[in-house]
Amino acid sequence: MSEDNEKSVVRGLRDVAAAETKISYVDPAGFLYYLGYNIDDLVGSTMYTEIAYLLIHKKLPNKQELTEFSNQLYHEMYLPKEIVQSIQATPESAPPMAVLRTEVSHLGEFDPDEGDFSQAANLRRATRLIARVPMIVATLHRTRQNLPIPKPKKEYAFSKNFLYMFKGVVPDEKEASVIHRFMILHADHGFNASTFAARVTASTNSDMYSAVTSAIGTLKGPLHGGASEKVMDMLDEINLEEEVEEYIQGLLDEKKKIMGFGHRVYKAQDPRTKHLRGIVEDYCHRERSQGLYNRCMKIEQLVYQRKQIYPNVDFYAAVAMDALGVPKDFYPLFFASARVSGWVAHVIEQYEDAVLLRPKGEYIGDFNRPFVPIEKR
Ligand code: CMC
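The rules behind the values
- Residues numbered from 1 in each chain as written.
- Predicted model: local features only at pLDDT ≥ 70, side-chain atom pairs only at ≥ 80, totals over all residues.
- Heavy atoms only, no water.
- Buried < 20%, exposed > 50% of the residue type's maximum accessible area, 1.4 Å probe, protein only.
- Helix = DSSP H or I, 4+ residues; strand = E, 2+ residues; numbered from the N terminus.
- Arc of directions from axis to C-beta.
- Contact = heavy atoms within 4.5 Å.
- Polar contact = N/O pair within 3.5 Å; in protein donor to acceptor, adjacent residues only side chain to side chain.
- Domains from an automatic or database assignment.
- Buried area = accessible area lost by both parts, 1.4 Å probe.
- Salt bridge = Lys/Arg side-chain N within 4 Å of Asp/Glu carboxyl O.
- Pairing = 2+ DSSP bridges.

Chemist: Tell me about helix α13 (residues 244–253), residues and numbers included.
Modeler: Those residues of α13 that fall on the buried side of the exposure criterion are V244, I248, Q249, L251 and L252. The arc that holds every buried residue of α13, seen down its axis, measures 160°, which confines them to one face. In α13, the exposed positions angled more than 90 degrees off the buried face are occupied by E246 and D253. Remark: K255 follows α13 within two positions and exhibits a positive phi of approximately 60°.

Chemist: Hey, could you go over the environment of S203 for me, with residue numbers and the actual values?
Modeler: Along the polypeptide, S203 turns up in the loop between α10 (193–202) and α11 (208–219). Non-local contacts of S203, meaning those with residues more than four positions away in its chain, are made with Q350, V355, L356 and L357. A polar atom in the side chain of S203 sits 2.9 Å from the backbone nitrogen of L357.

Chemist: Residue-level account of the domain arrangement of the protein, with values.
Modeler: Looking at the assigned domains, one finds that the protein contains domain 1 (20–221 + 328–353) and domain 2 (227–323). Taking only C-alpha atoms into account, the centre of domain 1 sits 26 Å from that of domain 2. A buried area of about 2,200 Å², summed over both sides, lies between domain 1 and domain 2, and 65% of it is on carbon and sulfur atoms. Of all residues in domain 1, L185, K328 and Y331 give up the largest surface area on contact with domain 2, accounting jointly for 28% of the area buried on that side. At the junction of domain 1 and domain 2, the tally comes to four salt bridges. The partner of K328 in a salt bridge is D233, and the shortest N-O contact between them spans 2.9 Å. At the boundary of domain 1 with domain 2, the tally comes to eleven residue pairs in polar contact (both at pLDDT 80 or more). Looking at the side of domain 1 that touches domain 2, the elements with two or more residues in it are β1 (24–27), β2 (31–34), α2 (39–42), α9 (173–185) and α17 (331–353). For the side of domain 1 that touches domain 2, the element with the most residues is α9, which contributes six residues.

Chemist: So what's going on with the pattern of salt bridges? Residues and values would help.
Modeler: The final tally for this structure, using the stated rule, is 20 salt bridges. Its salt-bridge partner being K59, residue E65 comes within 2.7 Å of it at the nearest N-O pair. Ionic pairing is found between D113 and R128, a salt bridge with its closest N-O pair at 3.0 Å. Here R128 lies in helix α7 (residues 119–144) and D113 lies in the loop between α6 (96–107) and α7, a separation of 15 residues in the sequence. Using a relative accessible area of 9% as the deciding quantity, one classes D113 as buried. Note on R128: relative accessible area 5%, which makes it buried. The network of salt bridges with common partners includes E76, D111, D113, D116, R124, R125, R128 and R132.

Chemist: Please set out the sheet that holds β2 residue by residue, giving values where relevant.
Modeler: Reading across the sheet, the three strands line up as β1-β2-β3 and stay open at both edges, with antiparallel pairing between neighbours. The sheet terminates laterally at β1 and β3 (37–38), the two strands that pair on one side only. Alignment of β1 against β2, held across four bridges, turns out to be antiparallel. Paired with Y25 across the bridge in β2 is Y33.

Chemist: Can you break down unusual backbone geometry residue by residue, with the values?
Modeler: Residue D15 is not a glycine yet carries a positive backbone phi of 65°. Overall, the relative accessible area of 77% leaves D15 in the exposed class. A positive phi is found at L35, a non-glycine position, where the angle reads about 45°. Note that L35 resides in the loop between β2 and β3.

Shown next as structure tokens:
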């Protein structure tokens, strides 16, 4: 690579600002803002439905707006029968994230607003996706269990309905509070990789379903939303608290990454971690959760001592989901069920910005190589 190239390539787009945004700010000092509100003020004081409204309408709803938005979500929770049949036809071996990616793309074939790119149609589409991504997740889980999916209940808040339909059991107050907070904490996070992927797709004036499909494919990777499943693989491999030290030191000696740790932007603690740790502390009513939590605390200490890095959102999220009874291959789908509200908000903002996102690559290959016909190669 020439010296010039080394200077111009920003590896991993680290610290590159690709567009302006008003939706969320990830402060390296360890704060997160949605539309200017510090998440510490939102978690525990709002419901996920208010946050989804905030992200797409850019204001917190008043009571009447919240009721109307909740009704819209409720009416959009029914999937087209073709989608349900398609979910039922997926092979058992298909990874749940692959099914979600496919069925969100499939939803694009049933858009009642097809061809209408007005702001009103985009808001309807955004609301539809916020409602339907979790419904695909719940339908897939119930299908895999050979159980019917319950009908949503109008009197339940959206995230409580989601958990109810996923598990088929009415969540108690504590469980409903865990899922609200979990979804608020995962709703948006600046220009993370999946949001950026959604914005790149939207920047070509492609449709919202395509953008969200791109985002899901990007979230799936273990360096992003796939990390929480890997966290649980690790916690399952460490049987006893006494085994933690040897296991973690061993990984670090081999220069391996500890899943659920590190972050591209935060230089301090990820502000979502303290809330998720708190959720897990409140909610460790099962012996298994308590054991997982104890191992997590020890891992957190050891990784900080060796590397001075902190857990990210995926670390305690894995334990919170385990406590809720979510199977680990569905963890990234819960992440997607919340993050879809951020993705669609960013897609709308990208349409408003109306600029093609198209970087360049720094070419480091050869020029004018002598062409050899196939017979002579
Ligand atoms: N375990 C051990 N060391 C780590 C880790 C980790 N998880 N993360 C970063 N480091 C070290 C890394 O080895 C490097 O050290 P050195 O300078 O000595 O070589 C330094 O910290 C900087 O790491 P980096 O890989 O250059 O950082 P990045 O900004 O490119 O990567 C990351 C960020 C999140 C991809 C990375 O921290 C990682 O792979 N973490 C594990 C996967 C994970 O938990 N992903 C979820 C991310 S947050 C939620 C989300 O977006 O989904």
